[in-house]
Amino acid sequence: MPPSSLPGADGVWHSLRLAPGALADHTAEVPTALAVQQGRITWMGDDQALPAAFAALPRYDARGALTTPGLVDCHTHLVYGGQRANEFAMRLAGASYEEVAKAGGGIVSSVLATRAASEDALYAQAAPRLEQLLNDGVCAIEIKSGYGLSLAHEAKQLRVARRLGLDYGVTVRTTFLGAHALPPEYAGRSQDYIDLVCKEMLPALAAEGLVDAVDVFCERIAFSLAETEQVFRAAQALGLPLKLHAEQLSDMDGSALAARYGALSCDHIEHLSAEGITAMRAAGTVAVLLPGAYYSLRDTQAPPIAALRAAGVPMAVSTDHNPGTSPALSLLLMANMACTLFRLTVPEALAGITCHAARALGLQETHGALAVGRPANFVLWDLREPAELVYWLGQQPARTIVRQGRVAVDTLGLTRL
Ligand code: NIG
Ligand code: FE
């Protein structure tokens with residue numbers, strides 16, 4: 001439903017049971033009520049201590065529901081044409097991701113399907129996927145380009161991402177991933193394509209206001225370290241934040257490069273080295289863990305979680321939703337898999353889909369934790385304890401979702417006091 005037709009969440013929300021880690025600033029007393037005015041949180045405190053200034057607002061009874069900040073999915077490739085179930089079957093029959101890509105499948109096959117689709121067709125395919133993610137309590141999401149690989153088709157993808165954000169009333173951060181794969185028409189001319197990305201595509205898309213960040217797939221089947229650095233320089237010249245698909249299939253030293261450029265995040269990082277961890281720590285770069293891709297590719301090398309934890313590198317968890325390696329549509333399931341496959345603790349997984357994910361998008365001042373002054377994004381869950389958020393497989397336990405100050409979902413049947 002378009003956000004303008006959703007009921008506003010303005011009022012005082014009583015009897016909340018905040019999950020640990022929900023607050024941006026830790027206070028001695030955990031609030032049990034909050035006020036929303038004009039879509040923002042304007043007060044948090046004790047149920048019994050509502051200041052007189054808020055007394056005239058409508059009041060809602062959350063009846064002790066477990067409450068978290070809105071979730072943040074910080075790495076998706078949500079907008080694309082077609083699907084690639086055939087590759088899933090090929091991999092089951094023994095082919096590797098790299099072999100499928102070399103055989104003309106992989107990213108390039110999604111590029112052909114995306115180019116063939118109109119903007120409206122791409123929107124119609126992406127919208128139900130977005131709805132699935134939102135039903136899990138997602139209030140901010142990153143959407144990358146990277147299946148267009150020409151100015152017109154990358155612009156088409158990014159425009160669809162922007163439209164989805166407006167229509168669904170969800171914070172969308174767009175990331176330009178022009179350097180995702182070499183388009184077929186540039187076969188054998190990688191440097192020419194990188195020049196096009198840096199000199200034509202990126203400046204034009206940024207001028208259209210379609211780019212919130214820039215990403216590169218730095219890998220032996222994609223772009224080299226030197227090519228990655230060229231894209232980083234071009235992005236930096238335009239003042240755009242950086243992200244990197246790094247060390248997924250091999251250690252390319254991409255993470256250390258990204259950290260040197262002050263990147264927001266390095267994502268995948270199964271093959272991350274000790275030097276990469278040190279560089280990320282020094283730069284405050286977030287490690288984005290993508291267990292859906294690890295699982296789908298039946299990878300066996302997990303990211304170096306213990307070393308990241310020991311170094312104090314913030315770890316986010318995301319769906320990496322894409323048609324090739326992670327057709328995942330539940331962020332809660334990814335949090336579960338980050339625990340079972342990567343050995344994150346429950347609090348780490350919850351921070352991974354809230355505050356650390358917000359940081360991976362540069363949204364740490366507005367999203368991923370609750371505080372006065374922030375846009376009202378929070379979720380009431382039909383769960384007794386926080387661990388249940390990552391325990392259930394495939395449940396959708398969000399009962400009331402307040403997104404950008406509007407009640408996007410309410411199956412709790414909120415009672416107005
Ligand atoms: O994040 N690693 C590169 N990009 C995507 C996969 C894209 C695809 O296979 O279509 C990822 O896993
Ligand atoms: Fe990805």
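In what follows, the structure referred to is the one given above.
For the structure given in this document, a descriptive report is provided here. These figures come from a predicted structure and were not determined experimentally.

Attention shifts here to the overall build of the protein chain. A count of helices and strands for the protein chain gives 15 helices and 16 strands. Over its C-alpha atoms the protein chain spans a radius of gyration of 21 Å, differing by no more than 12% from the 22 Å that the globule rule assigns to 417 residues. Expressed along its principal axes, the backbone C-alpha trace of the protein chain runs to roughly 70 × 45 × 45 Å. Counting across all 417 residues of the protein chain, residues that qualify as buried make up 59%. Once local pairs closer than 6 in sequence are excluded, the contacts in the protein chain between residues at least 24 apart make up 71%. Surface exposure of the protein chain reaches about 15,900 Å², of which carbon and sulfur atoms provide 54%.

A few words on the packing of helix α5 (residues 151-168) against helix α6 (residues 190-207). Direction vectors running N to C along α5 and α6 enclose 35 degrees, while the axes themselves pass 10 Å from each other. As for how α5 packs across α6, the hand of that crossing is right-handed. Taking contact as the criterion, the partners of L151, E154, A155 and L158 in α5 are, on α6, M201, A204 and L205. Taken together, the residues that form the contact of α5 with α6 break down as six nonpolar, no polar and one charged.

Right, let's talk about the coordination of the iron ion (ligand 2) for a bit. Note on metal sites: the ideal angle is 109.5 degrees for four tetrahedral donors, and 90 or 180 degrees for six octahedral donors. Listed as protein donors to the iron ion (ligand 2) are H75 (NE2), H77 (NE2), H245 (NE2) and D320 (OD); their distances from the metal cover 2.1 to 2.4 Å. Each donor residue of the iron ion (ligand 2) belongs to the same chain, with the gaps between them written as H-x1-H-x167-H-x74-D. Here H245 lies in strand β9 (residues 243-246) and H77 lies in the loop between β5 (71-73) and α1 (85-92), a separation of 168 residues in the sequence. Of the two residues, H77 and H245, neither departs from the other in class, the shared state being buried.

Rules and cut-offs
Residues numbered from 1 in each chain as written. Chains lettered and ligands numbered in written order. Predicted model: local features only at pLDDT ≥ 70, side-chain atom pairs only at ≥ 80, totals over all residues. Heavy atoms only, no water. Helix = DSSP H or I, 4+ residues; strand = E, 2+ residues; numbered from the N terminus. Rg over C-alpha atoms; globule rule 2.2 N^0.38 Å. Buried < 20%, exposed > 50% of the residue type's maximum accessible area, 1.4 Å probe, protein only. Contact = heavy atoms within 4.5 Å. Areas by Shrake-Rupley, 256 points an atom, 1.4 Å probe, with all protein chains shown as cover. Axes fitted to C-alpha atoms, helices over the stretch in contact; angles between N-to-C directions. Left-handed = near helix turned anticlockwise from the far one by under 90°. Nonpolar A, V, L, I, M, F, W, Y, C, P; charged D, E, K, R; others polar. Donors = N, O, S within 2.8 Å, 3.2 Å for Na, K, Ca; no water.

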